Amino acid sequence: MELSLFLDIITAVAVILGILFGLLQLRHYHLSRQREADLFLLNSFQTEEFFQGIWLIQQFPKGQTKQQIEERLDEETKSIYLVMSTWERIGLLVFNHEISFDLVNEAYSDQIIISWQKLKKYVIDLRVELERETTFEWFQWLAERTINRETSDRPAPAYLAYTNWE
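This is a predicted model, so every value here is computed, not measured.

Caption draft 1: Region of interest: the packing of helix α2 (residues 48-59) against helix α4 (residues 77-95). Running from N to C, α2 and α4 point in directions that differ by 105°, and their axes come no closer than 8 Å. Put simply, α2 runs roughly perpendicular to α4. Residues Glu-49, Phe-50, Gln-52, Gly-53, Ile-54, Leu-56 and Ile-57 of α2 lie in contact with α4, whose contacting residues are Ser-79, Ile-80, Leu-82, Val-83, Thr-86 and Trp-87.

What follows is the structure in structure tokens.
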């Protein structure tokens, strides 16, 4: 075998290995970025104000109008705005594939669904008042996707689904 042919083969193999290594590094970077976004999601909403809003939302019945909720909450109304704004941002991030819908669904599905069921009328009234159909549109989108998933694939509670986990 000629030396130039041998060197050409070595060069081709080196280029192929370099491309494969680059692709593996790119995949590792993407997975790392996704993991960081997921951890940020799980940690960023763990505030006292957020939990206060969730707790307040759970306290009133479904179908309350904007006026009824605001009369009941008065100054605490800002707490439910924090929750709705959080779901709004998460909905947009899920839509843009910045965070995993599966993770959001696992971590927050109950709270998203309950929030929408309790605040749907509030959001509709707010849209009328502001004359903006886009008000909390991603909150609604996220809630509807979450409800649709539960309708088609009713999740088992973790304590039942993973009883044999080690």
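Caption draft 2: Representation of the side chain of Glu-150 within the structure. Along the chain, Glu-150 turns up in helix α6 (residues 137-152). Look past the residues within four positions of Glu-150 in its chain and what remains in contact with it is Ser-109, Asp-110, Ile-113 and Pro-155.

Caption draft 3: Main features of α2. The end-to-end C-alpha distance of α2, which contains 12 residues, comes to 17 Å, matching closely the 16 Å that a straight helix rising 1.5 Å per residue would cover. All of the buried residues along α2 are Phe-50, Gly-53, Ile-54, Leu-56 and Ile-57. Seen along its axis, α2 keeps its buried residues to an arc of 165°; they face one direction. Residues of α2 that are buried sit in contact with α3 (66-73), α4 and α5 (101-130).

Caption draft 4: Unusual backbone geometry, seen in detail. Residues other than glycine seldom take positive phi values, yet Asp-74 does so here, at roughly 55°. Position of Asp-74 relative to the elements: it lies in the loop between α3 and α4. Positive phi, normally seen in glycine, also occurs at Glu-131, with a value near 55°. The topology assignment puts Glu-131 in the loop between α5 and α6.

Caption draft 5: Here's a closer look at the environment of Ala-37. Relative to the assigned elements, Ala-37 resides in helix α1 (residues 3-44). Each C-alpha atom, one on Ala-37 and one on Leu-93, is 9.9 Å from the other, the two residues being 56 residues apart in sequence. With residues near it in sequence (within four places) discarded, Ala-37 still touches Glu-98 and Ile-99.

Caption draft 6: Structural view of the environment of Arg-127. Mapped onto the secondary structure, Arg-127 falls in helix α5. Along the backbone, Arg-127 and Pro-157 are 30 residues apart, and their C-alpha atoms lie at a distance of 35 Å. Not counting residues up to four positions away in its chain, the partners in contact with Arg-127 are Arg-132, Glu-133, Thr-135, Phe-136, Glu-137 and Gln-140.

Caption draft 7: Layout of the packing of α4 against α6. In contact at an axis separation of 7 Å, α4 and α6 are set at 70° when each is read in the N-to-C sense. In terms of axis orientation, α4 runs roughly perpendicular to α6. Handedness of the crossing formed by α4 with α6: left-handed. Between α4, through Met-84, Trp-87, Glu-88, Ile-90, Gly-91, Leu-92, Val-94 and Phe-95, and α6, the contact on the second element is made entirely by Glu-137, Trp-138, Phe-139, Trp-141 and Leu-142. Split by residue class, the contact of α4 with α6 holds 10 nonpolar, one polar and two charged.

What counts, and where the lines are drawn
Residues numbered from 1 in each chain as written. Predicted model: local features only at pLDDT ≥ 70, side-chain atom pairs only at ≥ 80, totals over all residues. Heavy atoms only, no water. Axes fitted to C-alpha atoms, helices over the stretch in contact; angles between N-to-C directions. Helix = DSSP H or I, 4+ residues; strand = E, 2+ residues; numbered from the N terminus. Parallel < 35°, antiparallel > 145°, perpendicular 65-115°, else oblique. Contact = heavy atoms within 4.5 Å. Expected span 1.5 Å × (residues − 1). Buried < 20%, exposed > 50% of the residue type's maximum accessible area, 1.4 Å probe, protein only. Arc of directions from axis to C-beta. Left-handed = near helix turned anticlockwise from the far one by under 90°. Nonpolar A, V, L, I, M, F, W, Y, C, P; charged D, E, K, R; others polar.

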